[in-house]
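Take a look at the letters that make up each chain.
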Amino acid sequence: MAEKSYLDLKSEVWDTKKCSGCGACVAVCPADALSFAEGEMVVSPGSNGYCKQATDGVPCGACYAVCPRTGDQPKETLGTYLELLSAKAAFEIPHRQSGGAVTAILANALDEGLIDAVVTVTEDPWTLKPTSAVITKSDVLIREAGSRYSWWVPLLAALKDAAITRKYTKIAVIGVPCAVQAAARIRSSDNDLLRPYAKAIRLVVGLFCTETFDYAALVHGKLEKKYRIAPHEIKKLDVKGKLDILKQDETHLSVPLADLEDTIRPGCRICTDFSSLHADFSAGAVGSPSGFTTLIIRNDTGKGFIESAIRNHKLVTEKRVDIPAIEKLATGKIGKNFR
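Residues numbered from 1 in each chain as written. Predicted model: local features only at pLDDT ≥ 70, side-chain atom pairs only at ≥ 80, totals over all residues. Heavy atoms only, no water.

## Overview of the overall build of the protein chain
Here is step 1 of the chain: Along its length, the protein chain carries 12 helices and 13 strands.
Here is step 2 of the chain: The C-alpha atoms of the protein chain give 19 Å as radius of gyration, which agrees with the globular expectation for 339 residues (20 Å, within 12%).
Here is step 3 of the chain: Summarising its shape, the C-alpha atoms of the protein chain cover approximately 55 × 50 × 35 Å along the three principal directions.
Here is step 4 of the chain: Taken over 339 residues, the protein chain has a buried fraction of 53%.
Here is step 5 of the chain: In the protein chain, the share of contacts with a sequence separation of at least 24, taken over all contacts with a separation of at least 6, comes to 71%.
Here is step 6 of the chain: Of the accessible surface of the protein chain, which amounts to about 14800 Å², a share of 51% is contributed by carbon and sulfur atoms. (Helix = DSSP H or I, 4+ residues; strand = E, 2+ residues; numbered from the N terminus. Rg over C-alpha atoms; globule rule 2.2 N^0.38 Å. Buried < 20%, exposed > 50% of the residue type's maximum accessible area, 1.4 Å probe, protein only. Contact = heavy atoms within 4.5 Å. Areas by Shrake-Rupley, 256 points an atom, 1.4 Å probe, with all protein chains shown as cover.)

In structure tokens form, the structure reads like this:
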């Protein structure tokens, strides 16, 4: 059976507004033909029109093989796991989102040589504009700490830079469920073009996620115009049933999620994965006390990285996780988005 090309991906996913915007197809395209344009609500990649398979008849199919929006969406809440923990960093992380556990684990992994690069999301502190990035030093990782799961960015687009251009061979990827699903497809695929990426990915960390907001639609279209808040006035954003905004002057503002419906990316509306089911370990604030991060350890790889951080006194853990709280949000997401 012939491999499917970007034309199939376009008709099945892009044109139907199912695209998650994870950036995996951009990363693995051997012709560098796919990219995301700048602007508000760019719902899918664009192509320069050249495709090795569609144009020249050369077998490829890499973009279709990695897309998390082809096939059925999952209906599990917690998924398969070995253990659940509440954890926090054992050292100060200035901008941590909850317990700083993920930053502590990855910083330890960089210092120990367990990984040599982290594909993640950073943001401009003045504009809050997010971008995918490759980080190779623990001090930089700590400085850039703070979840950006609220922002859409084609995270995996940076994977090509890490694995192919810069040739890192022990990469950690941290992302929301769609990016995690794409990374899992890369790892399990028998497509020869994906093997360099699969070999280079050593760890996949998944974040809990209900949906992501389009940066331009939220920051410029909503916060600036309606709420009169400039990006540089914002110190921290958090989503816990509402959008909590902590300003630089330490005042708070809460925005109902119902008021942000028009800033949610269309591709998020079919996602049924809350807890990043295909990660090596998953993380989020839900289910743990304030100041702690919930960790869902899914396999021996995830367990090994967490145990290394504990041994090196970088991570403090407790076994008190509110499982029903996680399942409630996960079930709600499935009920809302399953088709």
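## Observations regarding the pairing of strand β4 (residues 117–123)
Two faces belong to every sheet, and in a regular strand the side chains alternate between them.
Here is step 1 of the chain: Counting buried positions along β4 gives 6 out of 7 residues, so the element sits mostly inside the fold.
Here is step 2 of the chain: For β4 and strand β6 (residues 171–175), the ladder comprises 3 bridges, and the chain directions are parallel. Within β6, the residue paired with valine 118 across the bridge is alanine 172.
Here is step 3 of the chain: If you look at the hairpin formed by β4 and strand β5 (residues 130–135), you'll find 6 residues sitting between the two strands, and leucine 128 has a positive phi there, around 65 degrees. (Pairing = 2+ DSSP bridges.)

## Topic: helix α10 (residues 215–224)
Here is step 1 of the chain: The element α10 is largely enclosed, with a buried count of 7 among its 10 residues.
Here is step 2 of the chain: Every buried residue of α10 is accounted for by Tyr215, Ala216, Ala217, Leu218, Val219, Lys222 and Leu223.
Here is step 3 of the chain: Residue aspartate 214 occupies the N-cap position of α10, its side-chain oxygen lying 3.3 Å from the main-chain nitrogen of alanine 216. (Polar contact = N/O pair within 3.5 Å; in protein donor to acceptor, adjacent residues only side chain to side chain.)

## Let's talk about the nonpolar core
Here is step 1 of the chain: One finds Val28, Val119, Leu159, Ile171 and Val173 to be the most contacted residues of the largest nonpolar core, which totals 35 residues.
Here is step 2 of the chain: Taken together, the elements giving at least two residues each to this core come down to α2 (24–28), α4 (62–66), β4, α7 (158–165), β6, α8 (177–188), α9 (195–200) and β7 (201–207).
Here is step 3 of the chain: For this core, the element with the most residues is α8, which contributes 6 residues.
Here is step 4 of the chain: If sequence neighbours within four positions are ignored, isoleucine 171 has contacts with Asp116, Ala117, Val119, Leu159, Ala162, Ala163, Ala200, Ile201, Arg202 and Leu203.
Here is step 5 of the chain: The next biggest cluster of nonpolar side chains, apart from the first, holds 30 residues, and it includes Leu85, Leu141, Ala172 and Ile306. (Core = buried A, V, L, I, M, F, W, Y, C linked by side-chain atoms within 4.5 Å.)

## Considerations on the pattern of salt bridges
Here is step 1 of the chain: By the definition in use, this model includes 18 salt bridges.
Here is step 2 of the chain: Measuring nitrogen to oxygen at the nearest pair gives 3.6 Å for the salt bridge that ties arginine 166 to aspartate 161.
Here is step 3 of the chain: According to the relative accessible area criterion, arginine 166 is partly exposed, its value standing at 38%.
Here is step 4 of the chain: The salt bridge involving arginine 187 is made with aspartate 280; its shortest N-O contact spans 3.0 Å. One end of the pair, arginine 187, is in helix α8; the other, aspartate 280, is in the loop between β10 (252–256) and β11 (281–284), with 93 residues separating them in the sequence.
Here is step 5 of the chain: A relative accessible area of 29% places arginine 187 in the partly exposed class.
Here is step 6 of the chain: Overall, the relative accessible area of 3% leaves aspartate 280 in the buried class. (Salt bridge = Lys/Arg side-chain N within 4 Å of Asp/Glu carboxyl O.)

## Quick look at the packing of aromatic side chains
To describe a pair of aromatic rings, one takes the distance between the centres and the angle between the planes.
Here is step 1 of the chain: The final tally for this structure, using the stated rule, is 3 aromatic pairs.
Here is step 2 of the chain: Summarising the aromatic geometry, the rings of phenylalanine 36 and tryptophan 152 are spaced 5.3 Å apart at their centres and angled 65 degrees between planes, so their arrangement reads as edge-to-face. Within this pair, whereas phenylalanine 36 is found in the loop between β1 (34–35) and β2 (46–47), its partner tryptophan 152 is found in the loop between α6 (138–143) and α7, the two being separated by 116 residues in sequence.
Here is step 3 of the chain: A residue is classified by how much of its surface remains accessible, and phenylalanine 36, at 17% relative accessible area, is buried.
Here is step 4 of the chain: When its relative accessible area of 11% is taken as the criterion, tryptophan 152 is described as buried.
Here is step 5 of the chain: Ring geometry for phenylalanine 208 versus phenylalanine 274: centroids 5.2 Å apart, planes at 40 degrees, classification tilted. Residue phenylalanine 208 is found in the loop between β7 and α10, and its partner phenylalanine 274 is found in the loop between β10 and β11; the two are separated by 66 residues along the sequence.
Here is step 6 of the chain: Its end group placed over the ring of tryptophan 152, arginine 265 keeps NZ or CZ at 4.1 Å from the ring centre.
Here is step 7 of the chain: The positively charged end of arginine 320 is found above the aromatic ring belonging to phenylalanine 292, 5.4 Å away from the centroid. (Phe/Tyr/Trp six-rings, centres within 6.5 Å; stacked < 30°, edge-to-face > 60°. Lys NZ or Arg CZ within 6 Å of the ring centre and 35° of its normal.)

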